[in-house]
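# Structural features, examined
Residue-level listing of the chains:
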Amino acid sequence: MIPSIITLASVALILFIVSFFMNDRLRDVEDQVEQLSLQYMQESYQMKKKLNVLEEELLSSDLTEEILKQSHSNMQSPPLIANIQNLHQSGYSTAEIAKKTNLNEYDVHSIVLQFKHEGISK
């Protein structure tokens, strides 16, 4: 009887020591679930960011269209642009208009071209 108890105790001790070196399958499954949840959260965050950007683009385009409609309906130019338009129609050159309005010649030239393009100035 003693030899069987010693054999059982030694087998139990060997199995106990071997259990520390065995791979824990539950831990592997937990790691996989954790990786999947992290991946899901990252993808969800990226989708929310893309959705916010898309909403902002749609909202800004709607606002831009509304502003353009209002500006075309009002057709009132700011005082500086109206002043440039009057000076240009009076025959002043872009350099002279730039000196009078304290603007860049390039800016005055682009505003004048805008008048011609929109058909405001003749």
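See the structure printed just above.
Each value, and the rule that gives it
- Residues numbered from 1 in each chain as written.
- Predicted model: local features only at pLDDT ≥ 70, side-chain atom pairs only at ≥ 80, totals over all residues.
- Heavy atoms only, no water.
- Helix = DSSP H or I, 4+ residues; strand = E, 2+ residues; numbered from the N terminus.
- Buried < 20%, exposed > 50% of the residue type's maximum accessible area, 1.4 Å probe, protein only.
- Areas by Shrake-Rupley, 256 points an atom, 1.4 Å probe, with all protein chains shown as cover.
- Phe/Tyr/Trp six-rings, centres within 6.5 Å; stacked < 30°, edge-to-face > 60°.
- Core = buried A, V, L, I, M, F, W, Y, C linked by side-chain atoms within 4.5 Å.
- Arc of directions from axis to C-beta.
- Contact = heavy atoms within 4.5 Å.
- Axes fitted to C-alpha atoms, helices over the stretch in contact; angles between N-to-C directions.
- Parallel < 35°, antiparallel > 145°, perpendicular 65-115°, else oblique.
- Left-handed = near helix turned anticlockwise from the far one by under 90°.

### Quick notes on the overall build of the protein
Within the protein one finds 5 helices and 0 strands. Listing each helix as α and each strand as β along the protein from the N terminus yields α-α-α-α-α. Looking at the protein residue by residue over its 122 residues, the buried ones come to 10%. Carbon and sulfur atoms form 60% of the exposed surface of the protein, whose accessible area is close to 10,900 Å².

### Remarks on the packing of aromatic side chains
Under the counting rule described, the total for this entry stands at 1 aromatic pair. Taken together, a centroid distance of 5.1 Å and an interplanar angle of 85° make the contact between Phe16 and Phe20 edge-to-face. Here Phe20 and Phe16 lie together in helix α1 (residues 2-21), a separation of 4 residues that amounts to about one turn.

### Focus on the nonpolar core
One broad trend across soluble globular proteins is that nonpolar side chains are buried collectively. Counting residues in hydrophobic clusters, the biggest one holds 8 residues: Ile84, Leu87, Ile97, Ala98, Val108, Ile111, Val112 and Phe115. Counting residues per element, the ones that place at least two in this core are α3 (79-89), α4 (94-101) and α5 (105-118). Looking at this core element by element, the count peaks at 4 residues for α5.

### Looking at α4
Along α4, the positions that sit buried rather than exposed are Ile97, Ala98 and Thr101. Seen from one end, α4 has its buried residues packed into an arc of 100°, which puts them on one side. Residues of α4 that are buried in the fold lie against α3 and α5. Among the residues trailing α4, Asn102 stands out with phi positive, at a value near 60°.

### A few points about unusual backbone geometry
Of all residues except glycine, most have a negative phi; of all peptide bonds, most are trans. In the Ramachandran plot, Asn102 falls in the positive-phi region, its phi being about 60° despite a non-glycine side chain. Among the structural elements, Asn102 can be located in the loop between α4 and α5. Given the relative accessible area of 68%, Asn102 is considered exposed.

### Considerations on the packing of α4 against α5
The contact between α4 and α5 brings their axes to 9 Å, and the two run at 115°. Here α4 lies roughly perpendicular to α5, going by the angle between them. Between α4 and α5 lies a crossing whose hand is right-handed. Side by side, α4 and α5 meet where Thr94, Ala95, Ile97, Ala98 and Thr101 of the first sit next to Glu105, Val108 and His109 of the second.

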